[in-house]
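Take a look at the letters that make up each chain.
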Amino acid sequence: MFHVWRESFNKDLQEMENWYYKLIIICKSSETLKLALPEESITKLNVNLLVSENLLSVSKEQYPFIMNDLFKNLLIDSQKIYYLKHLNILFDPQLKIDPIRFLENLSKVYKLVVEWPGIFINEKLIYAKYGHPEYYSCSDFKGKIYCM
């Protein structure tokens, strides 16, 4: 089963250049599961760290306005594949962004493999528990989903 999944994933990595939304979302069932990616072609980014570092010098009112520029400065090469992990900060209500729409828009230019920090159930991407300030649910998304 893993071998078949691996072949399909590698094929998608090669073909995603031709997709309109160059987005692969990975939903992991275990925190300890490691994904072996071809190091030479993928740049890994810790989104929590990079965004929080860049927001230190900005007022909270400016957060929503700088996110696009911030990521355009992080995702420099449109030929590379970027593996985005630790996305929790994108759900912060102060940013005033829709995380999936934000990633979809970025994926029109950049090839993204995203490690989803929540769950995928009943055809929905979910982050946090219902009632939590960062709760997020999305059933209308572009890209391809892999659940492990």
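Quick look at the structure, then. (Residues numbered from 1 in each chain as written. Predicted model: local features only at pLDDT ≥ 70, side-chain atom pairs only at ≥ 80, totals over all residues. Heavy atoms only, no water.)

**Regarding the sheet that holds strand S6 (residues 124-127)**
The strand order across the open sheet built from three strands is S5-S6-S7, with neighbouring strands paired in antiparallel fashion. Only two strands of the sheet have a single neighbouring strand rather than two, namely strand S5 (119-121) and strand S7 (136-138). Each neighbouring strand pair of the sheet contributes to a mean axis angle of 20°, computed without reference to strand direction. Sheet topology places S5 next to S6; three bridges connect them, and they run antiparallel. (Pairing = 2+ DSSP bridges. Helix = DSSP H or I, 4+ residues; strand = E, 2+ residues; numbered from the N terminus. Axes fitted to C-alpha atoms, helices over the stretch in contact; angles between N-to-C directions.)

**Section: the pattern of salt bridges**
Using the criterion set out here, one finds six salt bridges in the structure. For the salt bridge of Glu17 with Lys111, the shortest nitrogen-to-oxygen distance reads 3.0 Å. You can see Glu17 sitting in the loop between helix H1 (2-15) and strand S1 (23-27) and its partner Lys111 sitting in strand S4 (residues 111-116), a full 94 residues away along the chain. Under the relative-accessibility criterion, Lys111 is labelled buried at 7%. Arg101 is the partner of Glu104 in a salt bridge, and the nearest nitrogen-oxygen pair spans 2.9 Å. In this pair, Glu104 and Arg101 both sit in helix H4 (residues 99-106), three residues apart, roughly one turn of the helix. Ionic contacts of the salt-bridge type, sharing partners, join the residues Arg101, Glu104, Asp140 and Lys142 into one network. (Salt bridge = Lys/Arg side-chain N within 4 Å of Asp/Glu carboxyl O. Buried < 20%, exposed > 50% of the residue type's maximum accessible area, 1.4 Å probe, protein only.)

**A closer look at the packing of aromatic side chains**
Any pair of aromatic rings gets described here by the distance separating the centres and the angle formed by the planes. All chains considered together, the criterion is met by ten aromatic pairs. Relative to Tyr127, the ring of Phe91 has its centre 3.9 Å away and its plane inclined at 15°; by these criteria the two rings are stacked. Taken together, the positions of Phe91 in the loop between strand S3 (81-85) and H4 and Tyr127 in strand S6 put the pair 36 residues apart, joining distant regions of the chain. Overall, Phe91 belongs to the buried group, its relative accessible area being 7%. Between Trp116 and Tyr136 the ring centres are 6.3 Å apart and the planes differ by 50°, which places this aromatic pair in the tilted class. Placement of the pair is Trp116 in strand S4 and Tyr136 in strand S7, with a sequence separation of 20 residues. The same class applies to Trp116 as to Tyr136, namely buried. (Phe/Tyr/Trp six-rings, centres within 6.5 Å; stacked < 30°, edge-to-face > 60°.)

**With respect to the environment of Ile25**
Turning to its location among the elements, Ile25 is positioned in strand S1. For Ile25 and Cys147, which are 122 residues apart along the polypeptide, the C-alpha to C-alpha distance reads 8.4 Å. When residues no more than four places from it in sequence are discounted, the contact partners of Ile25 are Ile100, Val114, Trp116, Leu125, Lys144, Ile145 and Tyr146. (Contact = heavy atoms within 4.5 Å.)

**Observations regarding the sheet that holds S4**
With parallel pairing, five strands are arranged side by side in an open sheet as S2-S3-S4-S1-S8. Of all the strands in the sheet, the pair left with one neighbour each is strand S2 (42-46) and strand S8 (144-147). Here the strands of the sheet are splayed against their neighbours by 20° on average, with no regard to which way each runs. Taken together, the four bridges between S1 and S8 define a ladder with parallel strand orientation. Residue pairing in the sheet places Ile24 in a bridge with Lys144 of S8. Strands in contact with H4 are S1, S3 and S4; relative to S4, the strand with the most contacts, it is inclined by about 155°.

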